[in-house]
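Descriptive analysis of the structure
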Amino acid sequence: MTNWKGVDFEGDLARVVRHMPEVETYRESLQTLQAVWDNLTVLGQLSGTGTEITGMRAAFAQLTGTLLNSLATESRRKVAEDLAARAQVSIDILVRNLFERTADIGFLATDSDLCAYAEAASDSGEEDEGERQRILVRFREYVAKYSVYADILLLDRQGKVLCQLDETHPVTRSDDPLLHEALGSNGAYVEHYGPTDLQPGGPALIYAWRVCPAGRSEAVGVLCLVFRFQNECERIFRNLCADDDWAVITLLDAHGTVMASSDPWQVPVSAPLDADASVPSRVLRFAGREYLAATRATRGYQGYFGPGWQGHVMVPVEYAFETPAARALENIPPAVLARVMDSPALFSEALQLIPRQAEAIQRELNRAVWNGNVRQSCRQGRAAQGINASFSKTLLWEISNTGARTKDIFERSIANLHETVVSTILRDCGARAGLAIDIMDRNLYERANDCRWWALSTAVRTVLASARPPAEAAARLTPILQTINGLYTVYANLILFDAEGCVVAVSAADAATLVGRRLGDEWVARTLALDNPQAYCVSAFAPTPLYAGRPTYIYGAAVRDPVRSHRVVGGIAIVFDSAPQLSAMLADCLPEAAPDDAHAGIAVFVGPDGLVIASAGPDVPAVGSRLELPTEYFDLAPGASCSGIVAHAGRFHAAAARMSAGYREYKGPDDAYRNDVVAVVLIPLTDADEHATAPAPAAARSGVTRHLKGTPDDVTVELATFHIGGSWYGMHSSDIVESIDVQRITTLPGLPAHVRGCVMYEGDPIMVVDLRDYVHGERAGTPSQIVIVRGATNGQRLGLLVDELGEIPEVPVSLIQPVAGLFQGSASLVDSIVKTEGGQGGELLLLLSADKLSARLGDETGIVSA
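Because the structure is predicted, anything quoted here is derived from the model rather than measured.

**Remarks on the nonpolar core**
- Core analysis: the biggest nonpolar cluster contains 186 residues, and Leu223, Cys224, Phe229, Trp454, Tyr555 and Phe605 have the highest contact counts within it.
- Counting residues per element, this core draws most heavily on helix 10 (residues 389-454), which supplies 24 residues.
- Counting 27 residues, the second largest nonpolar core, distinct from the first, contains Ala720, Val755, Val789 and Leu853.

Next up, the structure:
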């Protein structure tokens, strides 16, 4: 525990709590009230009111510490989860991207044109300028599709550069050890980040592999792809940072050194950071400033975990908690919000205890004040001890008022706590929906690139342009497709077809029967009509026999004659394995949960019409079914989002949707392809109540004294009131002994239903009666007090179970009207009624007779209490 301004905070909360405006506001208010409690405690002891509030004062002080710790903990957790989520997304998005690069280098290094050029240069020791220009054109075509690359270099075994894409920064040779590693490695690629003579001027991320022509056992060169590392990091950071965001997103290497930063002025590249991915968040000192920071390692993708880097997000601690309350809650109906906030599943046990503890303390305080007023009334009636009655009643009023103010602060702060928890869930939900659609856009960007590049394969173009027999064409092309599909496992099948739409070759062995068949799908004609190598087409997401009758996307690109490039000789179709791939994207965006966890969330890709494209999670809607959500979750502009609380499948869920916006040139302004997809994430909150209504504000019922209006000369009496079964009752204060907390009641056999049993009071057994049964009152709620009454005539004491204590008003005698003979049965316990101005909430104040209670109930039970 560390003390901050008189409050003990757990762990290192004291280091950050001073920067939490809401927590500081509540601390100041509660500590101001604590000083009032101190004064009232002393005055209560001096006044002789008989109201002991020392214990309640101490309980409020203890609960204040608990509340402020909970507020601070939840505020920090909200920020920490946001930082951790962004750190996780930043590294996972990058690793997914780099996974694609590992396949690119393996396939491009086998390109027949590159292999032939490198082999010729190796064998002759000379370079053919015409061939070099042709390879340069292929490099440009490649980068036109795969725009994630800044440069491509082809080198011979000795490190001489044979061809380079970037002619503005030419490199003639290299001695980088990367080349030797690529020539001798037993892996499938070499991945290296750091300074290199291949890219003078700074560190670079390079993917390299040996170039080994078919039929040769020895490599003739090395191919290097230079990834646009800083450019890609800037794109990732831009999607995760708002314009007014103080957070800095960085990428760290395995040693904690900054490799990329969203704000290099705050955290420069190459700066060392003391990062720790094993903790949710921590306070970090950097450059003379304190930051709240979160670090995350990648979760990997298809067994690939990248070079061992980490995502790291840090925000200056003085600005970390400035985020205003989530505006998403403003549009949620009060009834729905109240229902969600009433769910115990969302809040920790400590949070759930706070309102119950506050209510118990307030109930104890109300009883103490009520009993104090009863005692004062009795003393006034006996004119004893010379106590200043006016001062005592004013003091009791102030105690009650201070209790109400304290309770109000507790209620507001607890409501704020609940809103913080719910808004955190909504924000997390939105981040997950954004991650899901970003992953999808980036993944499908690669699919558009793949089909266009493979359509440029010289071997494929040559075979389709020639009039080879079908069997020979299939024999030449099938191994090429199988090699590609072996590297790019996200496809169910790769299909080559001729200019008539007849299938020439496939990669999937179980689809060999397609060879020779003519494809009649509409996207085939669109593919054959494409007018340039940058163009591609995509089928609608619909069932197709090419995917066993299941719905999927098929990407197509035209294959052109290698000599007469304007002539289309066929096309390539790549069948995306959408069922597992899309579901895996969605599953990666959901919180970790057990497979049978009923509280686990679901994630869904849907079209603008609400029809499901893919889903992940328990009890997910079927593909092709309609996701029943309000239209605003589907009617979104590109990149726009929507969040709130919705009813789905009998439960209230936190819901967030994000419309696709594309990635780089994919779905960009210059791309003719449009396919609106919405990612929706639903996190269950609580069971839905279709008839939920906003809770009505509770009537103010306290133990304070008030006057009912009469004439100035009226004689008044004080009545102690309480609530039983939905009705307002009262008795003369002189007939009340005191109110006590509901204790363990000992049941007795053979008694009527309204007699609950006995409690021990001052050493004597007292019969306890529940008048709700006796007067057929409402059964809602649980009685919270036992009021001990005493008959004026026989002195018999009796305990009445009451739902809640009421006021102790000074009532003019003229307003009290006897009701003798007016009522029968249970109402015969009523001695008179009070002519109130509408009563309390329109209620009628019924005065019970202590003598009638003890006489009648005592006669029924045969129990007499002294």
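**What to know about the packing of aromatic side chains**
- A full pass over the atoms with the stated rule returns 19 aromatic pairs.
- Note on Tyr142 and Tyr146: the rings are 4.5 Å apart at their centroids and 25° apart in plane angle, and the pair reads as stacked.
- What makes Tyr142 buried here is its relative accessible area of 2%.
- Given a relative accessible area of 0%, Tyr146 falls into the buried group.
- Members of the aromatic cluster, joined through ring pairs, are Phe107, Trp454, Tyr488 and Tyr491.

**Focus: unusual backbone geometry**
- A positive phi angle, close to 80°, is found at Ser270, a residue other than glycine.
- Mapped onto the elements, Ser270 comes out in the loop between strand 9 (258-261) and strand 10 (282-286).
- Phi angles above zero are rare outside glycine, and Ala287 is one such case at about 50°.
- Looking at where Ala287 falls in the secondary structure, it is placed in the loop between strand 10 and strand 11 (289-297).

**Focus on the packing of helix 11 (residues 458-465) against helix 12 (residues 470-487)**
- Direction vectors running N to C along helix 11 and helix 12 enclose 160°, while the axes themselves pass 10 Å from each other. As far as their axial angle goes, helix 12 and helix 11 are roughly antiparallel. Where helix 11 crosses over helix 12, the handedness of that crossing is left-handed. Of the residues in helix 12, those touching helix 11 at Ala459, Val460, Val463 and Leu464 are Ala473, Arg476, Leu477 and Ile480.
- Here the residues of the contact of helix 11 with helix 12 sort into 7 nonpolar, no polar and 1 charged.

About the criteria used
- Residues numbered from 1 in each chain as written.
- Predicted model: local features only at pLDDT ≥ 70, side-chain atom pairs only at ≥ 80, totals over all residues.
- Heavy atoms only, no water.
- Core = buried A, V, L, I, M, F, W, Y, C linked by side-chain atoms within 4.5 Å.
- Buried < 20%, exposed > 50% of the residue type's maximum accessible area, 1.4 Å probe, protein only.
- Helix = DSSP H or I, 4+ residues; strand = E, 2+ residues; numbered from the N terminus.
- Phe/Tyr/Trp six-rings, centres within 6.5 Å; stacked < 30°, edge-to-face > 60°.
- Axes fitted to C-alpha atoms, helices over the stretch in contact; angles between N-to-C directions.
- Parallel < 35°, antiparallel > 145°, perpendicular 65-115°, else oblique.
- Left-handed = near helix turned anticlockwise from the far one by under 90°.
- Contact = heavy atoms within 4.5 Å.
- Nonpolar A, V, L, I, M, F, W, Y, C, P; charged D, E, K, R; others polar.

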